[in-house]
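Notes for the structure review
The primary structure of each chain is shown beneath.
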Amino acid sequence: MADLKLTNVKKIYDNNVEVMRDINLDIKQGEFIVFVGPSGCGKSTLLRMISGLESISGGTLEIDGDVVNDIPPALRGIAMVFQSYALYPHMTVYDNMAFSLQIAKVSKEEIDKQVRKAADMLQLTNYLDRLPKALSGGQRQRVAIGRAIVRQPKVFLFDEPLSNLDAALRVATRMEIANLKESMPESTMIYVTHDQVEAMTLADRIVLLSAGNIEQVGAPLDLYENPANVFVAKFIGSPAMNIIPATITQVGKEAELTLNTNHNFLMPIELKEQEKGLSAQFGVRPEDLKVRESETDPVLVEGDISFVESLGEATLLYVKTQEGADLVVAKLAGTLNYKRGDRIALTAKPEKMHLFNAAGDNYRRL
Amino acid sequence: MVTSSTTRSPLTFVVHLTVLFLVVMWTIPTAGLFISSIRDKDQLSVSGWWTALSASEQRLVTRIEIPKDQSMENGQYVIRGNVFAEAGDNTVSQFGYSSLKPQAFEAGTKAEMKKGKTLIVQANGDYVITSPKAFKGRGQRVFYTAEIPPRFTLDNYREVLTSEGLGKSFINSLTVTIPATIIPILMAAFAAYALAWMKFPGRALMVAAVVGLLVVPLQMSLIPLLRSYNVIGEFLGTGSKTYVGIWLAHTAFGLPLAIYLLRNYIAGLPREIIESARVDGASEFDIFRKIILPLSFPALASFSIFQFLWVWNDLLIAMVFLGNNEEQLVLTGRLRELLGSRGGNWEILTASAFITIIVPLGVFIGLQRFLVRGLLSGSVK
Amino acid sequence: MGQLISALFVMSIGVLGCAIYFYGSNLLLDICFPTKNRPHLVIAKNLRITNTIRPWLFIGPALLALGFYLIFPVFDSLRLSFLDRTGENFIGFDNYSWLFSSSEFFESFKNNMLWLIVVPTAATFLGLVIATMTDRIWWGNIAKSLIFMPMAISFIGASVIWKFIYDFRSGDDAQIGLLNAIVVFFGGEPQAWITIPFWNNFFLMAILIWIQTGFAMVILSAALRGISEETIEAAVLDGANGVQIFFRIMVPQIWGTIAVVWTTITILVLKVFDIVLAMTNGQWNTQVLANQMFDWMFRGGGDSGRGAVIAIIIMVLVIPIMVWNIRRANAEMEGR
């Protein structure tokens, strides 16, 4: 019932600053889409353009095949949950949820039915007479969601809804949102966050944005395992993927790489003849690095340990490979007995290696 | 705030004393006014209000009335009576029969006068005057020095409210003040919302203009407006001095501050609440009525207190746009008129002044919290 | 009673009329360009129209009022200042040359300058001192309320209050004015204070200082509380004493607020009129511009040209503050 289609959508501010460039995106009914990206990437702007709170400077936005560029928010069939919840502070929980239906002149009985149904679903029935200030953060969050539910929208929009909650509550509410989606499989949901964990756990598909462009669209694990470019590779995963400058020294069924630390090894990737001799960027995730135990394993990283961070379930080693180079991070399971200044050699399985060209694009996806 | 344990006690003592001194300085003028307004007018005019609680020593004079049938006692004509018109705890200390020596005799002693007459005035004011011949002509004057105990009365208020016309002026002041407070709030709230949240060309310029108009002196407006009012009043046949005229004048002069304060407040409301209402389908008018107005209550309250005080206390605009005719004179105008016509009658002036300031003082004391909040939102950033 | 009822009637007409305008005009707009229950394209078009019109419905009355009562008069006063007393015949700069050769003008200008220097400075200084001291004592809030109270009193009411204090009785009569009573108590000669040229200005200024100190105190007190405790604690650790902390740590942090208070009172002083009118009406060399202007408005049937010239002088004195205000407001808006 609600497919969204964005075609060449642009946003240009009055001062001629282009903040969104040619966004193309197809969202199918029932999908849970997460917009993620660093702050200032335009993810909230894009959401607000879909909601109608922000005008669209170019391109078209279709909901169920209708172009809705000029349609006011209330008529687009969307509902929005704001970051600050935006509850009306002078109205009770009941009135907050009933407000949109009252504006739409829905009959009193129908309003009551809808509000009580949503309250029941969100365990808010006992709080209907309270003012927002008498609620906890989590309860306010649920009222904001309830306010969206009663409108029976085609599309739910969430603008960083968990960022005002403390860590424990955030996890709990994240699960509630996942449950909510489960109970309304036919509703489309678009969710904006800067938190990659939320993105990874909630999304059917992630839309990763940076500086007004879409960097990659795909399932969470696809982004993790198969990042389209260095930006995506470094954004998804924590600590971020290690990127080491390299040169392609041999091509063929397998490529030979020489890192700027002079380690060279083979990587199972098929490259064309003209790639030979080009400089590239080699990537490996900290959690994929292993201590080299066998002489047959290639050496990827070798150097002195600069810092050790023991987290309990894992140990982070920061390895200095050469003067002036970024420290390489390795995340090894368990508590390990390394100390600053120890020399260490690290390796990784060939299928866990990533290779990007000088422009940052992933060779596997070219 | 700044504390240093070694210097604290003597310093704090000095601070307490200084503040106490300043508070006394600031309250005594008003206190004096109030105390004077409830004193007896004869006492008020001869002694300072700070002596109100002690008996006042007054030098008085009375003339003995000669009754038609003069009574005879022991061959002497005798008149008895009391120097005080009303009975009370008054006491006479000295008396005399000549204006040159008003304190010649102690109370209770016998004064020998010319032609064999005698006069005795007792401490309680009773007097006996005797004469060998019948009294005739004007009665004898008796000078006496009396201790009059303090007397408090509401007579001054009774007088100014009725015969001096303050009661009528009080209602005139209300008639001017209430609409002149509500109308600008309505206008300013709508304008402030538009300036804060609606998009239209020239908005930034208008905000700057409002800030500029905050300080334009009223004096600039008086002559042109007076001329316009005369023309309009003639055209409409209503004359230039109308309540509507003064409401609108007060409204316009209050608007810059009202718009400025309310715009600051409304612009500070969370954007998401307003957007949420838009997503919920509310029109701009709905948003204004159902979201902005209830949420702006503190700002509306503080501005209305300002405007109320300012309009109630205004003299200039009332004099120019409402005039000085008896029917429309407001309290401040009446007080100024009394200051001219009854300049020496402090019992009238103090009571009138107190009636003039009692309403704003009440508003001020009752709603100080809102007033302070409003002041701060207007000035501290 | 009859007066009360007719007053209530007149008041409700005034207030209701205003409310009906706002409600009615918005309703009319929604009826003419409905944005509900219509095809989407019609709604989009109507929405554009209403979004263009509605701000003007909201801001229109305020704009008209400000235009007619504040903006138009500025220009009309300027025009009138070149016309004669009836406002009909052009007389060039005659009013200006009259003004600059009139000794009365120089007297009021001189007095105004005196007011401008003394009143804002004294009120701000006293306000700052009182704010600092009351913040340190347990009954500070009561003290502040009492000192703030004269703010609620009208200038004319305050004038009566102070005229009573300055009251003078000649000869051996007991003084009923507090000031003379004190003077006599200490063995001095009673004076008719408000008739002593030059010094009487200060007795009039005392009234305005008395009224305005509370205003300065309230605002400066809030500003002082806004200073971060930590900067003061840091200064204490650095070894500063109370006076040094006050002048070198606290005052510099609230300069902006002090400037706002100072200019606000300055504006008020320029417009001061009621006090002079009530106390002396300009006699004994106490004339000020605002009262002189009022005087010329009505003197001998009124001289609009000369009145307007004086108004222009007051306006010119205000302009620097106006420019400063607008700049400050603009900087603030950009900061948002």
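Note that the structure is a prediction, hence the values are computed from the model and not measured.

1. What to know about the interface of chain A and chain C
Contacts between the two partners involve 5 residues from chain A and, on the opposite side, 7 residues from chain C. Summing both sides of the interface, chain A and chain C together bury roughly 520 Å²; the carbon and sulfur share of this comes to 70%. Counting the surface chain A buries against chain C, the share from its top three residues, Asp 70, Ile 71 and Leu 75 of chain A, is 64%. At the boundary of chain A and chain C, one finds 1 salt bridge. Taking the shortest distance from any N to any O, the salt bridge between Arg 48 of chain C and Asp 70 of chain A comes out at 4.0 Å.

2. Quick notes on the domain arrangement of chain A
All names here are of chain A. Assigned domains of chain A: these are domain 1 (4–235) and domain 2 (242–365). Here domain 1 and domain 2 have C-alpha centroids that lie 39 Å from each other. Taken together, the contacts link 12 residues of domain 1 with 11 residues of domain 2. Summed over both partners, the interface of domain 1 with domain 2 buries about 920 Å², with 46% contributed by carbon and sulfur atoms. When the buried area of domain 1 at its contact with domain 2 is split by residue, Tyr 224, Asn 226 and Val 230 rank highest and sum to 48% of it. Where domain 1 packs against domain 2, one counts 0 salt bridges.

3. Some thoughts on the packing of helix α4 (residues 166–197) of chain B against helix α10 (residues 297–313) of chain B
Residues and elements named next belong to chain B. Direction vectors running N to C along α4 and α10 enclose 145°, while the axes themselves pass 9 Å from each other. The interaxial crossing formed by α4 with α10 has right-handed handedness. Along its contact with α4, which presents Phe 170, Ser 173, Leu 174, Val 176, Thr 177, Ala 180, Thr 181, Pro 184, Ile 185 and Ala 189, the element α10 presents Leu 300, Phe 303, Ser 304, Gln 307, Phe 308, Val 311 and Trp 312.

4. Brief notes about the domain arrangement of chain C
Partitioning chain C into domains gives domain 1 (2–80) and domain 2 (95–335). The straight-line distance from the C-alpha centre of domain 1 of chain C to that of domain 2 of chain C is 39 Å.

5. What to know about the sheet that holds strand β9 (residues 205–210) of chain A
Residues and elements named next belong to chain A. The sheet built from 6 strands is open, its strands ordered β6-β7-β8-β3-β9-β10 with mixed pairing. Edge positions in the sheet fall to β6 (78–81) and β10 (213–218), since each of these pairs with one other strand and no more. When strand polarity is set aside, the average angle formed by the axes of neighbouring strands in this sheet is 20°. When strand β3 (residues 32–36) meets strand β8 (residues 188–193), the two strands line up parallel, connected through 5 bridges. In the sheet register, Val 34 faces β8, and the bridge partner there is Tyr 191. Running at roughly 175° to β6, helix α4 (residues 137–149) makes contact with β6 and β7 (155–159) of the sheet. Along the sheet face, helix α5 (residues 167–183) touches β3, β7 and β8 and points at about 160° away from the line of β8.

6. Side note on helix α2 (residues 93–103) of chain A
Extensive coverage of α2 of chain A is indicated by the burial of 9 of its 11 residues. Looking only at α2 of chain A, the buried set comprises Val 93, Tyr 94, Asn 96, Met 97, Ala 98, Phe 99, Ser 100, Leu 101 and Ile 103 of chain A. The inward-facing, buried residues of α2 of chain A abut α3 (108–121) and α4 of chain A together with α8 (271–279) and α9 (284–295) of chain B. Lys 105 of chain A lies just past α2 of chain A and shows a positive phi near 60°.

7. A closer look at the pairing of strand β9 (residues 141–148) of chain B
Residues and elements named next belong to chain B. Burial runs high along β9: 6 of the 8 residues are buried. Bridge analysis of strand β4 (residues 91–96) against β9 gives 5 bridges, and the strand direction is antiparallel. Bridge pairing in β9 links Gly 96 to Phe 143.

8. As for a nonpolar patch on the surface
Judged by side-chain polarity, Phe 13, Leu 17, Leu 20 and Val 24 of chain B come together as a nonpolar surface patch covering roughly 380 Å² of accessible area. By the element assignment, Leu 20 of chain B lies in helix α1 (residues 8–37).

9. Thoughts on the pattern of salt bridges
Once the charged atoms of two side chains with opposite charge are near each other, the side chains can pair. Enumeration according to the criterion identifies 25 salt bridges over all chains in this entry. Measuring nitrogen to oxygen at the nearest pair gives 2.7 Å for the salt bridge that ties Glu 31 of chain A to Arg 205 of chain A. Of the two residues, Glu 31 of chain A is situated in the loop between β2 (18–27) and β3 and Arg 205 of chain A in strand β9; the sequence distance between them amounts to 174 residues. Among the residues examined, Glu 31 of chain A registers a relative accessible area of 13% and is labelled buried. Residue Arg 205 of chain A is classed as partly exposed on the basis of its relative accessible area of 24%. Across the pair Lys 113 of chain A and Glu 110 of chain A runs a salt bridge whose closest N-O atoms are separated by 3.9 Å. Separated by 3 residues within a single helix, Lys 113 of chain A and Glu 110 of chain A lie in helix α3, roughly one turn from each other. On the accessibility criterion, Lys 113 of chain A (52% relative accessible area) is exposed. A single network of salt bridges, built from pairs that share partners, joins Lys 11, Arg 48 and Glu 54 of chain A together with Arg 271 and Glu 275 of chain B.

10. Observations concerning the packing of helix α4 (residues 103–134) of chain C against helix α11 (residues 255–270) of chain C
Residues and elements named next belong to chain C. Running from N to C, α4 and α11 point in directions that differ by 140°, and their axes come no closer than 9 Å. One finds that α4 runs oblique with respect to α11. Note that α4 runs across α11; the crossing there is right-handed. Counting all contacts with α4, which are made through Asn 112, Trp 115, Leu 116, Val 119, Pro 120, Thr 121, Ala 123, Thr 124 and Leu 128, the residues of α11 involved are Ile 258, Val 261, Trp 262, Ile 265, Thr 266, Val 269 and Leu 270. Across the contact of α4 with α11, the residue classes break down as 12 nonpolar, 4 polar and no charged.

11. Details of the interface of chain C and chain B
Counting residues at the interface gives 115 residues for chain C, matched by 117 residues for chain B. Taken together, both faces of the contact between chain C and chain B bury some 10,200 Å²; the carbon and sulfur share is 79%. Summed over the shared surface of chain C and chain B, the number is 0 salt bridges. Counting across the interface, chain C meets chain B through 8 residue pairs in polar contact (both at pLDDT 80 or more). With 21 residues, the top contributor of residues to the side of chain C that touches chain B is helix α2 (residues 40–80) of chain C. Each residue belonging to the side of chain C that touches chain B can be placed in one class, and the counts come to 81 nonpolar, 20 polar and 14 charged.

12. Regarding the environment of Thr 296 of chain A
If you trace the backbone, Thr 296 of chain A turns up in the loop between β15 (290–291) and β16 (301–310). There is a polar contact of 2.5 Å between the side chain of Thr 296 of chain A and the side chain of Ser 294 of chain A.

13. Regarding the sheet that holds strand β4 (residues 58–63) of chain A
All names here are of chain A. Taking strand neighbours across the sheet as the criterion, the 4 strands line up as β2-β1-β4-β5 in an open arrangement whose pairing is antiparallel. Strands at the two margins of the open sheet, each flanked by one partner only, are β2 and β5 (66–67). Relative to β5, β4 is paired through 2 bridges, and the arrangement is antiparallel. For Glu 62, the partnering residue across the bridge sits in β5 and is Val 67. On top of the sheet, helix α1 (residues 43–51) reaches β1 (4–12), β2 and β4; it is set at about 115° to β1, its chief contact.

The rules behind the values
- Residues numbered from 1 in each chain as written.
- Chains lettered and ligands numbered in written order.
- Predicted model: local features only at pLDDT ≥ 70, side-chain atom pairs only at ≥ 80, totals over all residues.
- Heavy atoms only, no water.
- Contact = heavy atoms within 4.5 Å.
- Buried area = accessible area lost by both parts, 1.4 Å probe.
- Salt bridge = Lys/Arg side-chain N within 4 Å of Asp/Glu carboxyl O.
- Domains from an automatic or database assignment.
- Axes fitted to C-alpha atoms, helices over the stretch in contact; angles between N-to-C directions.
- Helix = DSSP H or I, 4+ residues; strand = E, 2+ residues; numbered from the N terminus.
- Left-handed = near helix turned anticlockwise from the far one by under 90°.
- Pairing = 2+ DSSP bridges.
- Buried < 20%, exposed > 50% of the residue type's maximum accessible area, 1.4 Å probe, protein only.
- Patch = residues over 30% accessible without salt bridge, like charges linked within 9 Å, V, L, I, M, F, W, Y side chains within 5 Å.
- Areas by Shrake-Rupley, 256 points an atom, 1.4 Å probe, with all protein chains shown as cover.
- Parallel < 35°, antiparallel > 145°, perpendicular 65-115°, else oblique.
- Nonpolar A, V, L, I, M, F, W, Y, C, P; charged D, E, K, R; others polar.
- Polar contact = N/O pair within 3.5 Å; in protein donor to acceptor, adjacent residues only side chain to side chain.

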